[in-house]
Amino acid sequence: MGKRIASYSEKGGVGKSAAAAGMVAAARKRRLDGAAGSVFAADLDPRGTLTAELGINMPPPFTMNDLLAMDPKGERGLAAEALTDASDDWSGVRVIAAERALANREADQSTGFEFRLRHALDGILGEDDDLIFDLPPRAGGKLVTAALLAATHVVIPATLNEDGRIGAEEAMETIEIIRDSYGHDIQVVAIVPSIVPGGRTTLADAIGKHLAATYGDLYRDDLAIPRHTLREQTRYACVPVTSQSGKEAAALTTAYDRILTAAGATK
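Our subject in this report is the structure included herewith. Small disclaimer: the values here were computed from a predicted structure and weren't measured. (Residues numbered from 1 in each chain as written. Predicted model: local features only at pLDDT ≥ 70, side-chain atom pairs only at ≥ 80, totals over all residues. Heavy atoms only, no water.)

### Observations regarding the overall build of the protein chain
Okay, step 1: Within the protein chain, the regular secondary structure consists of 10 helices and seven strands.
Okay, step 2: The C-alpha atoms of the protein chain give a radius of gyration of 17 Å, which matches the 18 Å a tight globule of 267 residues would have.
Okay, step 3: Its C-alpha atoms give the protein chain principal-axis dimensions of about 50 × 40 × 30 Å.
Okay, step 4: Per-residue burial for the protein chain yields a buried fraction of 54% across its 267 residues.
Okay, step 5: Contacts spanning at least 24 positions in sequence make up 80% of the contacts within the protein chain whose residues lie at least 6 apart.
Okay, step 6: As presented, the protein chain carries roughly 11200 Å² of accessible surface, and 48% of it is formed by carbon and sulfur atoms.
Okay, step 7: With 29 positive and 37 negative side-chain charges, the protein chain shows a separation of 2 Å between the mean positions of the two kinds. (Helix = DSSP H or I, 4+ residues; strand = E, 2+ residues; numbered from the N terminus. Rg over C-alpha atoms; globule rule 2.2 N^0.38 Å. Buried < 20%, exposed > 50% of the residue type's maximum accessible area, 1.4 Å probe, protein only. Contact = heavy atoms within 4.5 Å. Areas by Shrake-Rupley, 256 points an atom, 1.4 Å probe, with all protein chains shown as cover. Lys, Arg positive; Asp, Glu negative; His and termini not counted. Charge placed at Lys NZ, Arg CZ, Asp CG, Glu CD.)

Given below as structure tokens:
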């Protein structure tokens, strides 16, 4: 089965959705360069940030909310119906889009809800396919649990400030709970420094050292995602950063591609 990579932090504003979109862009570029398989994106955040960046401005006929609400037994057919094409700028990427009504699933009391997404995805992913999840920035909850149980790998973006530190540490705690409670061997790829400026502050260095001391080799400074204005420009324009030219685009593309390699995604 292909890699299912979740971008997750329990704090907002740390570049979680940006990392998800960057990995989708890098995975798409690999396919354009000849790699086998397809690229999928799954948005579990009711705010729909990743959905919007992939050029989907109106909810399609079926969304992630519909899939989770209407597929109590994990029937595989509905997952295929929920897939929609991203915009032309993201051609080749297929998306299970989010909408605000997805927040209602946090109160879903259906038996086996947490496994519904994992079962549904089994019918649409091949061994050369990669799927990138964007998770909501919250502590646990039904949507986070469903996504982590459906994922094979997790990337934790962490800005080198207090929010980044807290978001990473709480995400790691939730992942351990998922492992212990469900026996799910989900792999943490890395805690990745995110939106890193060219000149690091004393605080940034201190937080980086703290994360390295706490999590050892899981803290990957070599995978750092640099802060460049181009990233915000491509997000606003809803285009892949990999389609742009110049040094900033090359630096961001390299960072996202390295993260995919660390997660064992299809080359």
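### Focus on the pairing of strand 4 (residues 93-96)
Okay, step 1: Direction of pairing for strand 2 (residues 39-43) relative to strand 4: parallel, over a ladder of four bridges. By the bridge assignment, A42 is partnered in strand 4 with I96.
Okay, step 2: As judged from the three bridges shared by strand 3 (residues 83-85) and strand 4, these two strands associate in the antiparallel manner. Considered in strand 4, the bridge of D85 is made with R94. (Pairing = 2+ DSSP bridges.)

### Regarding the packing of aromatic side chains
Okay, step 1: Applying the stated criterion across every chain yields a total of one aromatic pair.
Okay, step 2: Each ring, one from F115 and one from Y182, has its centre 5.7 Å from the other, and the planes form 80 degrees; the classification is edge-to-face. Of this pair, F115 sits in the loop between strand 4 and helix 5 (116-122) while Y182 is found in helix 7 (residues 162-182), placing the two residues 67 residues apart along the sequence. (Phe/Tyr/Trp six-rings, centres within 6.5 Å; stacked < 30°, edge-to-face > 60°.)

### Details of the packing of helix 7 against helix 8 (residues 202-215)
Okay, step 1: At a minimum axis distance of 10 Å, the contact between helix 7 and helix 8 shows a crossing angle of 15 degrees. As far as their axial angle goes, helix 8 and helix 7 are roughly parallel. Pair helix 7 / helix 8 crosses with right-handed handedness. Contacts between helix 7 and helix 8 involve E162, R165, A168, E169 and M172 from the first element and I207, H210, L211 and Y215 from the second.
Okay, step 2: Here the residues of the contact of helix 7 with helix 8 sort into five nonpolar, one polar and three charged. (Axes fitted to C-alpha atoms, helices over the stretch in contact; angles between N-to-C directions. Parallel < 35°, antiparallel > 145°, perpendicular 65-115°, else oblique. Left-handed = near helix turned anticlockwise from the far one by under 90°. Nonpolar A, V, L, I, M, F, W, Y, C, P; charged D, E, K, R; others polar.)

### Some remarks on the pattern of salt bridges
Okay, step 1: Counted by the stated rule, this structure contains 17 salt bridges.
Okay, step 2: Among the ionic pairs, K29 bridges to D33, the shortest N-O distance being 2.9 Å.
Okay, step 3: A relative accessible area of 32% places K29 in the partly exposed class.
Okay, step 4: With a relative accessible area of 58%, D33 lands in the exposed category.
Okay, step 5: Several salt bridges converge on common partners, so that one network encompasses K16, D45, R47 and D134. (Salt bridge = Lys/Arg side-chain N within 4 Å of Asp/Glu carboxyl O.)

### Remarks on helix 1 (residues 16-32)
Okay, step 1: Over its 17 residues, helix 1 extends 25 Å from the first C-alpha to the last, a length consistent with the 24 Å expected when each residue adds 1.5 Å.
Okay, step 2: Counting buried residues along helix 1, 14 of its 17 residues qualify, which places the element largely inside the surrounding structure.
Okay, step 3: Just downstream of helix 1 lies G34, where phi reads positive at about 115 degrees. (Expected span 1.5 Å × (residues − 1).)

### Some words on unusual backbone geometry
Okay, step 1: Positive phi, close to 55 degrees, is recorded for I195, a residue that is not glycine.
Okay, step 2: As for its placement among the helices and strands, I195 is situated in the loop between strand 7 (187-193) and helix 8.
Okay, step 3: Residue class for I195 comes out partly exposed when judged on its relative accessible area of 35%.
Okay, step 4: Although it is not a glycine, C238 adopts a positive phi angle of roughly 60 degrees.

### Some points on the sheet that holds strand 5 (residues 130-134)
Okay, step 1: The strand order across the open sheet built from seven strands is 3-4-2-5-1-6-7, with neighbouring strands paired in mixed fashion. Looking along the sheet, the strands with just one partner apiece sit at the ends: strand 3 and strand 7. Between one strand axis and the next, the sheet turns by 25 degrees as a mean value, whatever way the strands run.
Okay, step 2: One ladder, built from five bridges, connects strand 1 (residues 3-7) with strand 5; its direction is parallel.

### Brief notes about helix 7
Okay, step 1: The terminal C-alpha atoms of helix 7 lie 30 Å apart, and with 21 residues this matches the ideal 30 Å at 1.5 Å per residue to within 8%.
Okay, step 2: When helix 7 is considered as a whole, its buried residues turn out to be G164, R165, G167, A168, E169, A171, M172, T174, I175 and I178.
Okay, step 3: In the core, the buried residues of helix 7 are packed alongside helix 6 (142-150), strand 6 (153-158), strand 7 and helix 8.
Okay, step 4: Here helix 7 starts with a cap whose side-chain oxygen sits 3.3 Å from the backbone nitrogen of D163, and that cap is N161.
Okay, step 5: Positive backbone phi, approximately 65 degrees, marks G183, located one or two places after helix 7. (Polar contact = N/O pair within 3.5 Å; in protein donor to acceptor, adjacent residues only side chain to side chain.)

By themselves, these are just geometric observations and shouldn't be taken as functional.
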